[in-house]
Amino acid sequence: MLLAKDAIDNTVHDPTQPQELITGGQTFTSITDHICGIVEKPRPPRAWYVAIGITSAFTGVLGLMILYLIFTGIGVWGLNNPVGWGWAIVNFVFWVGIGHAGTLISAILFLLRQKWRTSINRFAEAMTIFAVICAGIFPAIHVGRVWVVWWLFPLPSYQSMWPQFRSPLLWDVFAVGTYMIVSLLFWYTGMVPDLATLRDRARTSLRKISYGLFALGWRGSNRHWHRYEKAYLLLAGLATPLVLSVHSVVSFDFATAQIPGWHTTIFPPYFVAGAIFSGFAMVMTLIIPAREMFKLKNIVTLYHLETMAKIILATGTMVGYAYATEFFIAWYSGNPAEQFAFINRAFGPYAWAYWIMVSCNVISPQLFWFRKIRTNTWALLIICIFVNIGMWFERFVITVTSLSRDFLPASWGYYSPTLVDILTFAGSFGLFFTLVLLFMRYLPMVAMAEVKTVMPQEHWEDKVSRPIGDYHGDNPVVQPLRRRARRPERR
Amino acid sequence: MSDASANTHGGRELFGYLLEYENPGDLLAACEKVRDAGYTRWDAHTPFPLHGLDGAMGIRGTRLPWLVLAGGLAGLALALLMQWWMNAVDYPFWISGKPFFGIPAAVPVAFELTVLLSALTTFFGMWALNGLPRHHHPLFNSERFKRATADRFFISLEAADPRFHPERTRAFAETLGAQDVEAVED
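What counts as what
Residue indices follow the written sequence of each chain, beginning from 1 at its first position. For naming, the first written chain is A and the first written ligand is 1, with later ones following in the order written. The predicted origin of the model limits local features to residues at a pLDDT of at least 70 and limits the giving and counting of side-chain atom pairs to 80 or more, whereas totals for whole chains, interfaces and linings rest on all residues. Each side-chain value is worked out from all heavy atoms of the structure, with water and hydrogens disregarded. Put simply, DSSP H or I for four residues or longer makes a helix, DSSP E for two residues or longer makes a strand, and each gets a number counted from the N terminus. Burial here depends on accessible area, computed with a 1.4 Å probe over protein chains only, as a share of the maximum for the residue type. Under 20% is buried, over 50% is exposed, and the range in between is partly exposed. Contacts between residues were defined by any pair of non-hydrogen atoms, one from each residue, lying within 4.5 Å. In this description, buried area is defined as the sum, over both parts, of the accessible area (probe of 1.4 Å) that is lost when the two are combined. What counts as a salt bridge is simple: a side-chain nitrogen of Lys or Arg found within 4 Å of a carboxyl oxygen of Asp or Glu. Polar contact is the term for a pair of N or O atoms within 3.5 Å; when the atoms are in protein, one must be able to donate a hydrogen and the other to accept it, and sequence-neighboring residues count only if both atoms are side-chain atoms. Ten residues, namely Ala, Val, Leu, Ile, Met, Phe, Trp, Tyr, Cys and Pro, are considered nonpolar, four, namely Asp, Glu, Lys and Arg, are considered charged, and the remaining ones, Gly among them, are considered polar. All axes here are fitted lines through C-alpha atoms, helices being fitted over the stretch that makes contact, and every angle between N-to-C directions spans 0 to 180 degrees. Working definition: roughly parallel below 35 degrees, roughly antiparallel above 145 degrees, roughly perpendicular at 65 to 115 degrees, and oblique for all remaining angles. By the definition used in this description, the sense in which the near helix is turned from the far one sets the handedness, with an anticlockwise turn below a right angle giving left-handed and a clockwise turn giving right-handed.

Draft legend 1. Fine view of the overall build of chain A. Regarding its fold elements, chain A presents 17 helices and zero strands. In chain A, which comprises 491 residues, the proportion classed as buried is 58%. The contacts of chain A with a sequence gap of at least 6 include a subset with a gap of at least 24, amounting to 79%.

Draft legend 2. Quick look at the interface of chain A and chain B. Across the boundary between the two partners, chain A contributes 65 residues, which contact 75 residues of chain B. Considering only the side of chain A, the residues that lose the most area to chain B are Trp162(A), Arg166(A) and Arg219(A), jointly responsible for 13% of the buried surface there. Inspection of the region where chain A meets chain B yields zero salt bridges. Here chain A and chain B share 24 residue pairs in polar contact (both at pLDDT 80 or more) between them. Sorting elements by how many residues they give to the side of chain A that touches chain B places helix 7 (residues 222-255) of chain A first, with 18 residues. Within the side of chain A that touches chain B, the residues separate by chemical class into 35 nonpolar, 16 polar and 14 charged.

Draft legend 3. Looking closely at the environment of Arg163(B). Note that Arg163(B) resides in the loop between strand 4 (153-158) and helix 5 (166-174). For Arg163(B) and Leu50(B), which are 113 residues apart along the polypeptide, the C-alpha to C-alpha distance reads 26 Å.

Draft legend 4. Main features of the packing of helix 5 (residues 168-201) of chain A against helix 4 (residues 103-130) of chain B. Viewed as axis vectors pointing N to C, helix 5 of chain A and helix 4 of chain B meet at an angle of 20°, and their least axial separation amounts to 9 Å. As the angle between them shows, helix 5 of chain A and helix 4 of chain B are arranged roughly parallel. Crossing angle aside, the handedness with which helix 5 of chain A passes helix 4 of chain B is left-handed. Seen from helix 5 of chain A, the contacting residues are Trp171(A), Phe174(A), Ala175(A), Thr178(A), Ile181(A), Val182(A), Leu185(A), Tyr188(A), Thr189(A) and Val192(A); seen from helix 4 of chain B, they are Ala105(B), Pro108(B), Val109(B), Glu112(B), Leu113(B), Val115(B), Leu116(B), Ala119(B), Leu120(B), Phe123(B), Met126(B) and Trp127(B). Of the residues that constitute the contact of helix 5 of chain A with helix 4 of chain B, the class distribution is 19 nonpolar, two polar and one charged.

Draft legend 5. The side chain of Ser364(A), seen in detail. Residue and element names in this part refer to chain A. As for its position among the elements, Ser-364 is in the loop between helix 11 (351-363) and helix 12 (371-374). Classification of Ser-364 as buried rests on a relative accessible area of 9%. Engagement of the side chain of Ser-364 in a polar contact is seen with the backbone oxygen of Cys-360, the distance being 2.5 Å. Not counting residues up to four positions away in its chain, the partners in contact with Ser-364 are Ser-359, Ile-383, Phe-386 and Val-387.

Encoded structure:
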């Protein structure tokens, strides 16, 4: 088994041979030992302690800011007239968007039989859950009277009042709530076999009990695998339209308004492309340091990173196209308010934000046309951080510029955040990274059971008297067996 | 293994035999033989879903998709009824001349609840059909079996099978090319 530092470049491969997704001559045993070993080590690396110290401090700041907001009121934020939507909405849309790459990798790439997803899907799904948790905080606290936030849900109350289902803001509650629950089920379902592995290897009774509880008594039975795989396929099939719908519904909040720059039918596809774009950038931002810290280079190979870079390039180009389309439609519509909104975005008081957005989102991912940049982890990491910054500014530009300069010059204003806005947002990053660090320490970071299905099988094939193809493909030996099982009389 | 009259092993009830394999290919071949011998209460245990095993074991399709369809339709009906009843019947609220209940405005929530109930049915239905969670299983008595979730492949032949016979089944199991045949207590 090769050591992590000897990880080979598998980004160029012979198309007549199967792509080597897992490098370093791994076996089922070495994969299990390596991934479980990360969790089983008595102490995590020192860097982990430093990191969680910093991120927990930020999480504490988030808690304090939320308390301050609840005790004082929404006035502590920089909101004003006319800019009644500020960082809370920007951060909400940003975090929901981050989550999308996780579902895309786990559901859509699963349906498309993209085998390379198995190395990164667990990680990306965890990121989805944590990002949606961060996203959920903002709409909950921006209502002001947090203690009545349950009015958003269709629960009976003594006032006999029901929520207003004609409001896109309520659609959001259902979309994001469903997204959270389905992502959690998907993540957990995928993890059960790996939790069983950890249970079976556990040495201490605390580990035995805690992993045993969540492993649900899984024993790798093929009668169970059979239903499990069908359920996983169904969940992937359900999550695929769901992930596309979530950001579409988020975009309806804007698109159903009359404000120039928001009243746009391109928003649903444009928001979804942007969400996937920023989500993949966040997966990269997390996984590049993680594969370094936990020596995962043979499992999350350069090929995986390069493929993600290609997706970032594709979605980044879509986002750039959407920006251009917005400008074209503003001109083509002949609507002066719409035309002004877009000229104002590029050259008005928020031009700085607009050009940060364009340079980070449209220009920087174009560097991924070059293979040298796609396969350089430092370049990947830096560009991905740029993409995250750019996508935050995209939401800022959409939300704030349209509100600050709407139809009447008499009602124009300028919005600037307060320290509380900034610290709350920074605190949400603290929460996100704290959860990611806890996940890396206590749960299997790579979907072991799935990785084992895409491994090179040289280590057992030579012992078999007849050739058997790979487990996932259409197997020429398996097909007749299946027929014989169902119709024994024909043989 | 001299007592052929009762399924006992070392004084305790016998759960069955556990056959261990080092590679998936041998397991597939052995499963075909067990299937063809007519055993019904037996199983294969693998660390990952091994494709081709369903055919080799003769497992038929699951009815889970039908449950999920029912769950999804229930979600759709629930969402439409809820929105209609809450906003058009129990608490009608006039906003900008919009209809109290209109299908276009009801679509997003209806879609989300359809997906939600389908997903919940998939999740809970799958575990229920699998008979999980359960806190213990006789196979966990085997130390060897701990590797079934890591890197080893097993067949379990249960004593509850009508064709099971302590000696004849043991003799049959030993022809299946397993690395090891272990008797597991209940």
